[in-house]
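Fold and geometry: a report
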Amino acid sequence: MRAWIAHRYGPPEVLRLAEIPDPQPGPGQALVRVRAIGLNFADCMARAGVYPNTPKPPFVPGMEVAGEVAALGEGVTEPPVGTAVAAVPIFGGHAEYVVVKASHLRPLPSGLSFVEGASFVVTGLTADHALFTVGRVRPGERVAILAAAGGVGTLAVQMAVRAGAHVLGVASSPAKRELVRQLGAQEVVGYETYPQALRGGVDVVLDSVAGRLFRLGWRALRPDGRYVLFGFASAVGPRRIRYLRAAVELVRMGVVLPAALVQSCRTLAGFNLSLVPHLAPHLVQRYQLLCQSLQNGELKPVIGKVFTFSELSSAHAFLQGRGSFAKVVVTVP
Ligand SMILES: NC(=O)c1ccc[n+]([C@@H]2O[C@H](COP(=O)([O-])OP(=O)(O)OC[C@H]3O[C@@H](n4cnc5c(N)ncnc54)[C@H](OP(=O)(O)O)[C@@H]3O)[C@@H](O)[C@H]2O)c1
C-alpha cells in the first residue's frame, strides 16, 4: 500500500509518500481501507515530534480516518467486512490501509459521505467534551471560543449555540469571522479586540491557543466561571514549532495560585482526549448523540478544503500555516 511516512520530526516536507507492505489485522483487530483522512492539528504536532506518545521516525502519522472494513483479525466478527466506519487510530491513518482495534470502530451514520465521516469524530468529541463535560455550559451563559473557525471551533460554536449559550467567537481573519457568524455566534471578534470583548465577563472559555490569551480570559471569568484548556496552538509557527516563542508564551500565561481559586470561585481544567482511555465508554455514548445530531440536521459537519492523497503534505502545510477553515480532509482513491 501507499503511506505517508515522517522520516524525521519536522516541517511538512519531512512527509514522503512511499510503498510499504499492507498491514495485517491481528487478533481483535480489523483492517480498514481508508477512503478519507480527517486532518487534525494534532497530526502536525505529531509530525513535529511534540505530540504525546508519538512513535520514533520513521512512522506513519494519521489520527482519524473514514473507510470500509477490509478484513477482520482472529476472533473478530463485527463489524462485517464492507461496513462504512470511522476510526481514530491516533497514528497510522495517513495510509491506504490501517489496522485498528475492532471494538474501537464506529459505523458511520447513514447518509454521511466518507469525507463527512472523516470530519467530525475527533473535532466533535473534543468540542462536546470541552463544552459539556468539562465546561458544563448552561443556557444563557457567555462562552468564549478561541480558534472558532477551525475544525473543533466550527462544531463547538454550533453545539454551544444549540445549547442556548451566548457565543463569543474569536478568529484571525475577516473571512473566518464571517464563517463563525454564519454558524450562529452572537459576537465575533479578532484577537486584537478580544480584550475589549471580554470586558463584560465570560462564564466559560474554550482555549486551544493558550499563551498570552490565557491570562486575558482567565481574568475575565465570572464567579463560577470555567476555563477549559485543551491545546497550545500559539507555540506553533507556520512550518515549525517555535520553541523560544513557546517558552515566552508559557511564561506569559502566568501563575495560578490554587488557594486563590477558592475566593475567586473559578475552575481551571485541561484535557487531552487521547490520554484518557478510561473515558472510552463515556465517549462512545457521546459519539452516538453526536451522530443523532448530525442525522437530524441539528449539527452540520463543516468541511473547509479537500485535498487528494498525493497532496497530503500540502494539506499539513495548509493547516499549520493557519490558512484553513473548518475541517481539512484528504481523500484516498
Ligand atoms: N486536547 C484534546 O483532546 C484535543 C483534541 C483535538 C484538538 N485539540 C486542539 O484543538 C485545537 C483545534 O484543533 P483542530 O484540529 O480543529 O485545528 P484547527 O482549529 O482547524 O486549526 C488550528 C487553529 O488554531 C488557530 N491558531 C492560533 N494560533 C495559531 C498558530 N500559531 N498556528 C496555527 N494555528 C493557530 C488558527 O485559527 P485562527 O487563525 O482563527 O486563530 C487555526 O486555524 C488545536 O490546538 C488542537 O491541538 C485538542
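Being a predicted model, the structure only gives us computed values, none of them experimental.

What follows deals with the nonpolar core. Phe120, Leu131, Ile145, Val157, Val180, Leu206 and Val228 are the most contacted members of the largest nonpolar core, which totals 49 residues. Counting only elements with at least two residues in this core, the list comes to helix H3 (121-134), strand E8 (142-145), helix H4 (151-162), helix H5 (174-182), strand E11 (202-207) and helix H10 (280-295). For this core, the leading source of residues is H3, giving six residues. When we break this core down by domain, the ones giving at least three residues each are domain 1 (2-119 + 301-331) and domain 2 (122-274). With 38 residues, the next largest nonpolar core counts Met45, Phe91, Val100 and Val330 among its residues.

Residue proline 58 follows proline 57 across a cis peptide bond; omega there is -5°. With respect to the secondary-structure elements, proline 58 resides in the loop between helix H1 (41-48) and strand E4 (64-72). Of note, asparagine 53 is a non-glycine position whose phi angle comes to about 65°, a positive value.

Right, let's talk about the layout of surface pockets for a bit. Of the volumes computed, that of the second largest pocket is approximately 180 Å³. The wall of the second largest pocket is formed by Asp128, Phe132, Met159, Arg162, Ala163, Arg286, Leu289, Leu290, Gln292, Ser293 and Leu299. Counting residues per element, the ones that place at least two in the lining of the second largest pocket are H3, H4 and H10. Tallying contributions element by element places H10 first for the lining of the second largest pocket, with five residues. A breakdown of the residues in the lining of the second largest pocket according to their chemical character gives six nonpolar, two polar and three charged.

Right, let's get into the domain arrangement of the chain. Here the domain parsing of the chain yields domain 1 (2-119 + 301-331) and domain 2 (122-274). Computed over C-alpha atoms only, the centres of domain 1 and domain 2 are separated by 27 Å. Opposite the 25 residues of domain 1 that make contact, domain 2 presents 24 residues. For the pairing of domain 1 and domain 2, the buried interface totals around 1,800 Å² over both sides, and the portion due to carbon and sulfur atoms is 60%. Between glutamate 13 and arginine 239 there is a salt bridge, and its shortest N-O distance comes to 2.1 Å. At the boundary of domain 1 and domain 2, one finds 10 residue pairs in polar contact (both at pLDDT 80 or more). Of the residues in the side of domain 1 that touches domain 2, the class split is 15 nonpolar, five polar and five charged.

The next subject is the site of the ligand. Taken together, 28 residues are adjacent to the ligand, and Phe41, Ser172, Lys176, Tyr191 and Leu273 come closest. Within the contact set of the ligand, an oxygen atom lies 3.2 Å away from a backbone nitrogen or oxygen of serine 208. Take alanine 233: an N or O atom from its main chain is 3.0 Å from a nitrogen atom of the ligand. Summarising the interface, the protein chains cover 94% of the accessible area of the ligand, which totals 890 Å² for the free molecule. Ranked by the residues each element gives to the shell around the ligand, the list is headed by H3, at three residues.

Thresholds, definitions, all that
- Starting from 1, residues in each chain are numbered consecutively following that chain's sequence as written.
- Per-residue local features are limited, in this predicted model, to residues with pLDDT of at least 70; the limit for side-chain atom pairs, both in listing and counting, is 80 or more; totals at the level of whole chains, interfaces and linings are taken over all residues.
- As a convention, hydrogens and water are excluded, and side-chain values are obtained from all of the structure's heavy atoms.
- What we call a nonpolar core is a set of buried Ala, Val, Leu, Ile, Met, Phe, Trp, Tyr and Cys residues that are connected through their side-chain atoms within 4.5 Å.
- Burial classes follow relative accessibility: with a 1.4 Å probe on protein chains only, a residue under 20% of its type's maximum area counts as buried, one over 50% as exposed, and anything between as partly exposed.
- Secondary structure counts use DSSP, requiring at least four H or I residues in a row for a helix and at least two E residues in a row for a strand, with both numbered from the N terminus.
- Domain borders in the structure are assigned automatically or taken from a domain database.
- The method works on a 1 Å grid over the protein atoms by themselves. A cavity is a set of points holding a 1.4 Å probe that cannot get out, a pocket is an open set with protein on both sides within 12 Å along at least five of seven lines, and residues with an atom within 4 Å of a point line them.
- Grid points are joined across faces, edges and corners, and a volume is the space filled by probe spheres set on the points.
- When residues are grouped by polarity, Ala, Val, Leu, Ile, Met, Phe, Trp, Tyr, Cys and Pro land in nonpolar, Asp, Glu, Lys and Arg in charged, and all others, Gly among them, in polar.
- Contacts are assigned to residue pairs with any non-hydrogen atoms lying within 4.5 Å of each other.
- Once two parts are put together, the accessible area they lose, assessed with a 1.4 Å probe and summed over both, is termed the buried area.
- Salt bridges are defined as contacts in which a side-chain nitrogen from Lys or Arg sits within 4 Å of a carboxyl oxygen from Asp or Glu.
- Here a polar contact is recorded for every N or O atom pair within 3.5 Å, except that within protein the pair must consist of a potential hydrogen donor and a potential acceptor, and residues adjacent in sequence are included only if both atoms are side-chain atoms.
- Think of it this way: one heavy atom of a residue within 4 Å of a molecule or strand is enough to make that residue near it.
- Shrake-Rupley sampling with a 1.4 Å probe provides the accessible areas, and residues are treated as covered by the protein chains on show and by no other component.

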